[in-house]
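Residue-level structure breakdown
Here is what each chain is made of, one letter per residue.
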Amino acid sequence: MKIGIICAMQEEIELLSQDIQTENSLTIAGRTFLEGRLYGKPVVLVRSRIGKVAAASTATTLIDRFHPDCIIFCGTAGGIGKGLHTGDIVVADRLIQHDVDTGTGNGFKIPQLNMDYFPTDPALSERLISAVKQYIQNGFTHDIPAQYLEEFGISAPKAVVGTIASGDQFICSKEKNQWLAEQIENLQCVEMEGAAVSQVCYEFGVPHAVIRVISDGADDASSVNFDSFIEHAACHFTRGGIKAFLESEQ
Ligand code: ADE
């Protein structure tokens, strides 16, 4: 089983790129696809860059050229769900593109596809949430220095399953945050790529999952600590979750 792994940002993919044993490296349209073994399992690892177009085009190339059996998208997100804090983890059961509006009163429906919510693969997502819970129980306090856990207020992170919304906007206002929560049932977090990858995977028939570490509250304080958080904390949750996931594979 060959797994495609995509992250949007260098800081998010950094530790995985250090750990992969690369057998083949190919740059296509500015994206470097690393094919090799990660924790003993065959993967293709790639950084998409930020935003829906970047993510969709990367997923398309990944599927068309490397034929992964499934795709996992990892990164950070702004928390919307009640009780979510920095360092908590969301695994998507479905994703929606919150910036789609064709002006026809069809909500967030993708024209001609007539879909708003794209489901993730249940088995893949279940394995991912178990892996993340394992990392939360056994790993993160060894990997993330206490100084950063304190700085970001992370003590007992939790992992939840729910809806993720994506759009080409960094959400940093309470009003937009509340509006999205009203429009989208069980919305847990917002980010800028996941649902675009979901649409591509849906159209190609490739199973996929999306995992996001909460980096901010998608409100007026959103940009505070973001850079430091992804560099010192989010990358560990991403690596820890993916490592536990790959090691759980038979
Ligand atoms: N990624 C991390 N935080 C985000 C936010 N507040 N909005 C969109 N994408 C994000």
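Described in the following lines is the structure provided in the data block. (Residues numbered from 1 in each chain as written. Predicted model: local features only at pLDDT ≥ 70, side-chain atom pairs only at ≥ 80, totals over all residues. Heavy atoms only, no water.)

**Some points on the layout of surface pockets**
The computed volume of the largest pocket comes to approximately 220 Å³. Surrounding the largest pocket, 19 residues form its lining, Thr 76, Phe 170, Glu 191, Met 192 and Phe 226 being those nearest its centre. Contributing elements (two or more residues each) for the lining of the largest pocket: β5 (70-79), β9 (187-191) and β10 (208-216). Looking at the lining of the largest pocket residue by residue, the class counts come to 10 nonpolar, four polar and five charged. Its volume calculated, the second largest pocket comes out at about 180 Å³. If you trace the second largest pocket, you find it lined by Gln 134, Tyr 135, Asn 138, Gly 139, Asp 143, Arg 239, Gly 240, Lys 243, Ala 244 and Glu 247. Elements with a minimum of two residues in the lining of the second largest pocket: α3 (122-138) and α8 (226-247). A per-element tally of the lining of the second largest pocket places α8 first, with five residues. Here the lining of the second largest pocket is composed, by residue class, of two nonpolar, four polar and four charged. (1 Å grid on protein atoms, 1.4 Å probe; cavity = no way out; pocket = protein on both sides within 12 Å on 5 of 7 lines; lining within 4 Å. Points joined across faces, edges and corners; volume = space filled by probe spheres on them. Helix = DSSP H or I, 4+ residues; strand = E, 2+ residues; numbered from the N terminus. Nonpolar A, V, L, I, M, F, W, Y, C, P; charged D, E, K, R; others polar.)

**Some remarks on helix α1 (residues 10-19)**
Every buried residue belonging to α1 is among Glu 12, Ile 13, Leu 15 and Leu 16, and all of these are buried. All buried residues of α1 project into a common sector of 150° when viewed along the axis, lining one side. On its buried face, α1 is in contact with β1 (3-7), β3 (31-38), β4 (41-47), β5 and α8. (Buried < 20%, exposed > 50% of the residue type's maximum accessible area, 1.4 Å probe, protein only. Arc of directions from axis to C-beta. Contact = heavy atoms within 4.5 Å.)

**Some thoughts on the site of the ligand**
Near the ligand you find 14 residues, and of these Gly 78, Phe 170, Ile 171, Glu 191 and Asp 216 are the closest. The contact in question runs from a nitrogen atom of the ligand to an N or O atom on the backbone of Gly 78, over 3.2 Å. Protein chains bury 96% of the 260 Å² of accessible surface belonging to the ligand in isolation. When atoms are counted within 2 Å of each cavity's grid points, the one that captures over half of the ligand is the largest pocket. (Near = heavy atom within 4 Å. Polar contact = N/O pair within 3.5 Å; in protein donor to acceptor, adjacent residues only side chain to side chain. Areas by Shrake-Rupley, 256 points an atom, 1.4 Å probe, with all protein chains shown as cover. Sits in = over half its atoms within 2 Å of the grid points.)

These values are about where atoms sit, not about what they do.
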